[in-house]
Amino acid sequence: MYRLGIDLGSSYTKGVLVDENNRITGFHCVKSGYNFTNASSKIISHFAEDHEIEYPVYTCGYGREQVAAAFVSNSELIALSKAVYEIYKRPCSIIDIGGQDTKFISMNAQGQVDKFKMNRKCAAGTGSFLEEIAFRLDVTPEEFTEFARQATEEVKINSFCTVFAISEIIGMIKNGATLPNIIIGIYNSIIQRSVEMSVVEGHLVITGGLPAKHPTIVSLFAKKYPDSSSPEHSQFLAAYGCVLLNRTSYIVHRTL
Amino acid sequence: MEKLLNMSEPIIQEKSELVKLQSAGELRKTMDGYFSRLREAAETGVRKVAWCTSVGPAELLYSMGFEVYFPENHGAMLGAGKNADKYIPSAVAHGYSPEICSYLTSDIGAFLQNETPLQKSGFKSVPKPDVLVYNTNQCREVADWFGFYARHFNVPILGIHTPLCIPELTPEIIKTVADQYRNIIPSLEQVAGRKFDMDLFRQAVALSHDGCVLWKEILGKAKHRPSPINFFDSAIHMGPIVVMRGTQYAVDYYKVLLAELDQRIQDGISAVPHEKHRIYWEGMPLWYKLSSMAKLFSKFNTSIVASTYCNSWVFDDLDPADPFESSALAYCKLFIVRSDAVKEDILQQLMIDFSVDGIIYHESKTCTRNSNNLFGLQNRLFKKTRLPFIEINGDLNDPRCFSEEQSIIAIETFIHQLSGR
């Protein structure tokens, strides 16, 4: 029997399959779209084809209660901390950059959340911010990474607003700035937004869909914070944490 | 099918339960009476109408025979009626920024659209003022807000200008403010068409004091565990202390409410049926989400037992023996007008008095004066109390400034965090 953790995020729904020894044996990710129930069904069907799944499944994220199966829901911040603690077993600062949220978590030596903060109402500096800019510049995430390698210096992006940031970038291109230098500027602007949420203490763990898709961000973090790392498949950690967490937690179990 | 896993200590109740206060009926009658007197004055001219800010010199105005109307109360009604975002754009189009007080923008916007929730109570429009009186102790916006109406109605506007961020209440500060109280009297006499009467002022100050003491006692009942009243109740039941401060009506109502709370404690009835966590709410209410927030916290077995907002209408320094100086003292002692160091001390004591487990700071987009997490106070208080806190971004009236889903996740995580302690 396998347990299934599903993180129903604003942009993507991530699923992990976990065996009886708490080891992850499979990952699957689909776009959340407008229907979380459909997205979660796709995750469940994907794993159910070859594995016997134990119900309830364990969920977190914006769509955590829109699941067409027995489920146990949880806060993704608590779940993420649980998974990070499982890996690191020490106090950490966690920065998670997702589709529309950036989260800053201070986790103590017992793996508990001591303090946390989420980005303000605006989604600048999140995955959506980068996706919008990529769309407008007609550049894929892979090309972003490739361009970033060619950068010779950083161009500073000032605007807080995604739309105005694009206008600012277009103005920079007009004035002769190169795309690689601008891309480094965009990455650094995202990092700046995240570290101003709180004070980084101890080891910094970077997680979420954005660093997973844009590994340059992780390297740029490491320049600023040498004591930092980003685990592999970090965008799946909250889903994994759900499975780990619900062995010990007291959560409502609902069947739709 | 619904069931709870590990039933021994559920964090979440599947159904939120709210225990309504029986005094709500009496509250309705008291507020209806207030609006009916106001309407009569506006329609017949039998008494003059003064507009006053919520922590302005209400006692002085009542003692001089005015019916007193409070635009901030009107602003809160627009917010609670979920209509503010319909009106704010009109004020914005007339040059008022969407970044300033959304009570102001929604109130002026509604006026420009000739709409008011008071129309449901038979008013044609908001009662026309004969005079506008403000105190800047809470913010400067009130002067601009009243200025709009003074120009529109071409009526006198009188102001008391209180020093801000007061660290120590010195005799000089008290004198400055008390003198301003005295100085507006001749203009008020002219509008009222009658002489100021010191005995009537003393009487109003005494009634205001008694009402405030009762209100303080009511809020203090939340020290009991479990609490018989929470923030969401208080935000509604504070109506009389805001608009009828200085009258017998407020005193009479709060005696009824106090008796009910005493009875609740005796009967073991709490505002949140399964109270487990006790939270302090710092900042303005989210008026348009009052009911859903009340349900959300109840679902999490969490009672918001105290708040800066509701505690702000406790003017127990008022003294009929020395009405001017004690008014100045009481209205300068107000939390919002104090320095951060004083605020920290007050908050620290409240956390102890109300056995608080954590603090929620509501950072209100358009009310920075009522958002006390903007200058690092939250971190300093954390160092002193070690009480966990979260910051919610929203607004008192403008729902467009509030991301509900994101806030619910933050609140849920916070309750889990408290559960793990």
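Refer to the structure above for everything that follows.
These remarks concern the structure in this document.

## Quick notes on the overall build of chain A
Point 1. Secondary structure summary: chain A contains nine helices and eleven strands in total.
Point 2. A compact globule built from 256 residues should have a C-alpha radius of gyration of about 18 Å, and chain A, at 19 Å, falls within 12% of that.
Point 3. Taken along its principal axes, the extent of the C-alpha atoms in chain A is 60 × 40 × 30 Å.
Point 4. A separation of at least 24 residues holds for 64% of the contacts in chain A among residues at least 6 apart in sequence.
Point 5. Of the roughly 11100 Å² that chain A leaves accessible, carbon and sulfur atoms contribute 51%.
Point 6. One way to put it: in chain A the 24 positive side-chain charges average out to a point 6 Å from where the 26 negative ones average out.

## Notes on the pairing of strand β8 (residues 113–118) of chain A
Residues and elements named next belong to chain A.
Point 1. Relative to β8, strand β7 (residues 102–107) is paired through five bridges, and the arrangement is antiparallel. Of the residues in β8, the one forming a bridge with I105 is F116.
Point 2. Taken together, β7 and the strand that follows it, β8, pair antiparallel across an intervening segment of five residues, in which G111 is found at a positive phi of about 80°.

## Quick word on helix α13 (residues 290–299) of chain B
Residues and elements named next belong to chain B.
Point 1. Looking at α13, one finds that the buried residues are L290, M293, A294, L296, F297 and S298.
Point 2. Those residues of α13 that are buried are in contact with α10 (231–237), β6 (277–282), β7 (302–307), β8 (358–364) and α18 (404–419).
Point 3. Phi for N301, located one or two positions after α13, is positive at around 55°.

## Side note on the side chain of S227 of chain B
Point 1. Counting through the fold element by element, S227 of chain B comes out in the loop between α9 (198–220) and α10.
Point 2. Discounting residues that sit within four places of it in the chain, S227 of chain B has contacts with A222, S270, A271, E275, R278, S303 and V305 of chain B.

## Some details on the nonpolar core
Point 1. Counting 185 residues, the largest nonpolar core has F66, L188 and W215 of chain B as its most contacted members.
Point 2. Beyond its immediate chain neighbours, meaning those up to four positions away, L188 of chain B contacts L60, L61, M64, F66, V131, V133 and L158 of chain B.
Point 3. F144, A148, I157 and L204 of chain A belong to the second largest nonpolar core, which has 34 residues in total.

## Notes on helix α6 (residues 179–195) of chain A
Point 1. Across its 17 residues, α6 of chain A extends 24 Å between first and last C-alpha, which sits within 8% of the 24 Å expected from 1.5 Å per residue.
Point 2. Burial analysis of α6 of chain A places 15 of its 17 residues in the buried class, which makes it a mostly covered element.

Calculation notes
Each chain has its residues counted from 1, following the order in which its sequence is written. As a convention, the first chain written is A and the first ligand written is 1, with the rest following in written order. Only residues with pLDDT of 70 or above have their local features reported here, since the model is predicted, and side-chain atom pairs are shown and tallied only from 80 upward, although totals for entire chains, interfaces and linings are computed over all residues. Just so you know, side-chain values use all the structure's heavy atoms and leave hydrogens and water out. The numbering of helices and of strands both runs from the N terminus, where a helix is a DSSP run of H or I of at least 4 residues and a strand a run of E of at least 2. Radius of gyration: over C-alpha atoms. The globule rule applied is 2.2 Å multiplied by the number of residues raised to the 0.38 power. In this analysis, two residues are considered to be in contact whenever any of their non-hydrogen atoms come within 4.5 Å of each other. For the accessible areas, the method is Shrake-Rupley and the probe is 1.4 Å, while residue cover comes only from the protein chains on display. Counted as positive: Lys and Arg. Counted as negative: Asp and Glu, with His and the chain ends omitted from the count. In plain terms, the charge of a residue is placed at NZ if it is Lys, CZ if Arg, CG if Asp and CD if Glu. Only strands joined by at least two bridges in the DSSP assignment are considered to pair. Classification of residues uses two cut-offs on accessible area relative to the type maximum, computed with a 1.4 Å probe and protein chains only: under 20% is buried, over 50% is exposed, and between them is partly exposed. As used in this record, nonpolar core signifies buried Ala, Val, Leu, Ile, Met, Phe, Trp, Tyr and Cys residues forming a set joined through side-chain atoms within 4.5 Å. Given a helix with a known number of residues, its expected span is that number minus one, times 1.5 Å.

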